[in-house]
Amino acid sequence: GEDDKQAFASDGTLLPVTLTYVKEGDGVNTLDQVIRTEEEPQKLVCVTVDYTNTGTITSNNNFTNSGDISGDGGKLIVNNGSNSGSISQDTLETSGTFENTGSIIADITNNGTIGTNQNKAEITNNGTFTNNNSVIASAITNSENKTFTNAGTVVTDTITNNGTLDGNGSITIGGGENSTT
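Report on the accompanying structure. Computed from a prediction, not measured in an experiment: that's the story for all the values here.

So, about the packing of aromatic side chains. For the coordinates displayed, the defined rule picks out one aromatic pair. Between the aromatic rings of F129 and F148, the centroid separation amounts to 4.4 Å while the plane-to-plane angle is 10°, which identifies the pairing as stacked. In this pair, F129 sits in strand β12 (residues 122–131) while F148 sits in strand β14 (residues 147–150), placing the two residues 19 residues apart along the sequence. The residues F129 and F148 share a single accessibility class, namely buried. Seen from the ring of Y21, R36 lies directly overhead, with NZ or CZ sitting 4.1 Å from the centre.

In structure tokens form, the structure reads like this:
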């Protein structure tokens, strides 16, 4: 922004900041009065953070992830939200609308909606994936010796099943209809 332009010299170095000390007036009988000004050098701190969840995170509304969330033993409960980053948790539970354009690697219990026709991505089941409502994905991978139970509706471009796929829901793959019994 405009403040950023004033903080840097044309060669990219940080300019000093001017500190102004003011005695506030009451706005009726007295005005604000500058006591003193001084220049101080500025310092720049850059921080990169990785978030590891080993507990439980509950988001009732407006959960948005565009980075990476991971954690052994972690549980993420989302009622409404979106993911354009990476979620690698032991457990993900959804109950509202969860738009996913990133990746999900977790034990998943879905009681809401994951993905839309415009916002779909990859889901990898590394534990137990239980779908009780609706999932729309570009690809679903059910890992070796893992269980995907579908009691709802699944629409995906591709599905790779290396484990157990069961349930009485419907699965549409790449435009074709397949049912599990």
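Moving on from the coordinates now.
Attention now goes to the pattern of salt bridges. A full pass over the atoms with the stated rule returns one salt bridge. Residues E38 and R36 are paired through a salt bridge, measuring 3.2 Å at the closest nitrogen-oxygen approach. Among the residues examined, R36 registers a relative accessible area of 44% and is labelled partly exposed.

Side chains of V17, L19, Y21 and I35 sit close together on the surface and give an oily, nonpolar patch of about 300 Å² of accessible area. Looking at which element gives the most residues to the nonpolar patch, the answer is strand β1 (residues 17–23), with three residues. In this structure V17 comes out as partly exposed when scored by relative accessible area, which is 30%.

Cut-off values and rules
- Residues numbered from 1 in each chain as written.
- Predicted model: local features only at pLDDT ≥ 70, side-chain atom pairs only at ≥ 80, totals over all residues.
- Heavy atoms only, no water.
- Phe/Tyr/Trp six-rings, centres within 6.5 Å; stacked < 30°, edge-to-face > 60°.
- Helix = DSSP H or I, 4+ residues; strand = E, 2+ residues; numbered from the N terminus.
- Buried < 20%, exposed > 50% of the residue type's maximum accessible area, 1.4 Å probe, protein only.
- Lys NZ or Arg CZ within 6 Å of the ring centre and 35° of its normal.
- Salt bridge = Lys/Arg side-chain N within 4 Å of Asp/Glu carboxyl O.
- Patch = residues over 30% accessible without salt bridge, like charges linked within 9 Å, V, L, I, M, F, W, Y side chains within 5 Å.
- Areas by Shrake-Rupley, 256 points an atom, 1.4 Å probe, with all protein chains shown as cover.

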